[in-house]
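Fold and contact review
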Amino acid sequence: MQRVAIIRFPGSNCDEDALRAAARAGTDAYYVWHRDTDLKGADVVVIPGGFSYGDYLRAGAIARFSPALSAVQRHAAEGGPVLGICNGFQILCEAHLLPGALMRNAGLSFVSKPVDVTVENTRTAFTAGYAPGTRLRLPVAHGDGRFVADPETLARLEGEGLVVLRYARAEDANPNGSMHDIAGISNPEGNVVGIMPHPERAAEPALGSEDGAPFFTAMAVPAPTGTAATSTAGTP
Amino acid sequence: MTFRVHVRVMPRAGLLDPQGQAVEHALGSLGFAGTQQVRIGRAIELELDAATADDAAGRARQMCDRLLANPVTEDYELEVEAR
């Protein structure tokens, strides 16, 4: 059974939802405290949402230096799958595991509502269960979700197909002013994914939607050798 | 010696600064006509022991590059004064 580590910080939320969604998908899911240096044999790491360290300085800026994140960096460097949700996405950007940054929402308001997104990249460790272009309705709940990157980085993300989720353009669904309507991205290897929407809040019928469940069922499947986990094309 | 370091972190020019915009509108509502280009950043002060002002500035720059500013979205300036 795949072991899924859910990293907990002071101020994490939806950590229990993520654990439940991962367990429900058939994984052995457990918590790892941010002070731990050992991921306890994790096959997959989830960094959940919340307000780690009170979002002091910048969202994710301090969590990035926690002992558990050093272990997550090594896990990611070895090709291990890492999913950052909301605050987890912010932490992955601050840790430079993903490019860009997440800034204050353009409308300044904290936005908490379901939004429509499309799945654009299905070649990641977490989105292989979706057909390209699938439309999902997932909850967002954030104050700092505006994805920002320099023009070269945006061109690379688009050119290499690394945009994982995009706010639906037809519905004008972008809730925060993200550049290119980006709601989630991956690294080129596809093992590190960060998304602002919360799939764990839409992962079973009792929650009103199962649109997010495939993120978690993907965790139950051991990574086949030669794909995402072992990387491609000469990246160190 | 102990030095006092003043760090000024500002959102990079060209990036949307919604806080600055909101405050600009509020200043307009208060009757401060002609107010423009309001931008909001962050001031950080700290004290630090170092041999020289250059050493202090060098270490403060490392702090900014690693933690105090986000190189993707922010620029910073710093001043060092002997305490």
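One can find the structure itself at the top, above this paragraph.
Small disclaimer: the values here were computed from a predicted structure and weren't measured.

As a further point, take the nonpolar core. In terms of nonpolar packing, the biggest core is built from 69 residues, with A:Ile7, A:Ile47, A:Phe147, A:Leu165 and A:Met219 touching the most fellow members. A per-element tally of this core places helix α2 (residues 67-77) of chain A first, with five residues. What A:Leu165 contacts, discounting residues up to four positions off in sequence, is A:Val117, A:Thr118, A:Val119, A:Leu136, A:Leu138, A:Asp181, A:Ile182, A:Ala183, A:Gly184, A:Ile195, A:Pro197 and A:Phe215. In terms of nonpolar packing, the next biggest core, distinct from the first, is built from 13 residues, B:Ile44, B:Leu48, B:Cys64 and B:Ala69 among them.

Our focus in this paragraph is the pattern of salt bridges. Residues and elements named next belong to chain B. Under the criterion given, the structure shown has 19 salt bridges over all chains. With a closest N to O distance of 2.8 Å, Arg4 and Glu45 form a salt bridge. Of this pair, Arg4 sits in strand β1 (residues 2-11) while Glu45 is found in strand β2 (residues 42-49), placing the two residues 41 residues apart along the sequence. You can call Arg4 partly exposed: its relative accessible area is 23%. For the salt bridge of Arg83 with Glu47, the shortest nitrogen-to-oxygen distance reads 3.3 Å. Here Glu47 lies in strand β2 and Arg83 lies in the segment after β3 (74-82), a separation of 36 residues in the sequence. Here Arg83 falls in the exposed class, since its relative accessible area comes to 64%. Overall, Glu47 belongs to the partly exposed group, its relative accessible area being 41%.

Turning our attention to the packing of aromatic side chains. Residues and elements named next belong to chain A. Within this structure, the stated rule accounts for four aromatic pairs over all chains. An angle of 15° between the planes, with centres 6.2 Å apart, marks the rings of Phe89 and Phe147 as stacked. Of this pair, Phe89 sits in helix α3 (residues 87-94) while Phe147 sits in strand β10 (residues 146-148), and the two are 58 residues apart along the sequence. Look at Phe147 and you get buried, because its relative accessible area is 0%. The ring of Tyr31 carries Arg8 above its face, with NZ or CZ at 3.5 Å from the centroid.

Let's shift gears to helix α2 (residues 53-68) of chain B. In this model α2(B) runs just 19 Å from its N-terminal to its C-terminal C-alpha over 16 residues, more than 12% under the 22 Å that 1.5 Å per residue would give. Of the surrounding secondary structure, the elements contacted by the buried residues of α2(B) are β1, β2 and β3 of chain B.

Take the sheet that holds strand β6 (residues 82-85) of chain A next. Residues and elements named next belong to chain A. Pairing within the open sheet is mixed, and its nine strands lie in the order β3-β1-β4-β6-β13-β12-β11-β8-β9. Two strands in the sheet have a free side with no partner beyond their single neighbour: β3 (28-33) and β9 (135-142). Each adjacent strand pair in this sheet contributes to an overall mean axis angle of 25°, direction not counted. Summarising the sheet, strand β12 (residues 182-186) and strand β13 (residues 192-195) pair through three bridges and their orientation is antiparallel. By the bridge assignment, Ser186 is partnered in β13 with Val193. Lying on the sheet, α3 is in contact with β4 (44-47), β6, β12 and β13; it crosses β6 at an angle near 120°. Running at roughly 75° to β12, helix α4 (residues 151-159) makes contact with β11 (163-167) and β12 of the sheet.

Definitions and cut-offs
- Every chain is numbered on its own, with residues counted from 1 as its sequence reads.
- Written order determines the labels here, with chains lettered from A and ligands numbered from 1.
- Reporting in this predicted model follows two pLDDT cut-offs: at least 70 for local features of residues, and 80 or more for side-chain atom pairs to be given and counted; totals over whole chains, interfaces and linings ignore these cut-offs and use all residues.
- Note: side-chain values were computed over all heavy atoms of the structure, leaving out hydrogens and water.
- Definition of nonpolar core: a set of buried residues of the types Ala, Val, Leu, Ile, Met, Phe, Trp, Tyr and Cys, connected through side-chain atoms within 4.5 Å.
- Residue exposure (1.4 Å probe, protein chains only): buried if accessible area is under 20% of the type maximum, exposed if over 50%, otherwise partly exposed.
- The helix and strand labels rest on DSSP assignments: H or I over at least four residues marks a helix, E over at least two residues marks a strand, and numbering proceeds from the N terminus.
- We call two residues contacting when some pair of their heavy atoms lies within 4.5 Å.
- Salt bridge, as applied in this entry: a Lys or Arg side-chain nitrogen positioned within 4 Å of an Asp or Glu carboxyl oxygen.
- The rule is short: rings of Phe, Tyr and Trp, with Trp giving its six-membered ring, pair when the centres are within 6.5 Å, and they are stacked under 30 degrees, edge-to-face over 60, tilted in between.
- Geometrically, a charge over a ring is one whose NZ (Lys) or CZ (Arg) sits within 6 Å of the ring centre while staying within 35 degrees of the ring normal.
- An expected span of 1.5 Å times one less than the residue number is assigned to each helix.
- A pair of strands is treated as paired once DSSP finds two or more bridges between them.
- For helices, the axis comes from a line fit to the C-alpha atoms of the stretch in contact; other axes are also lines fit to C-alpha atoms, and the angle between any two N-to-C directions lies between 0 and 180 degrees.

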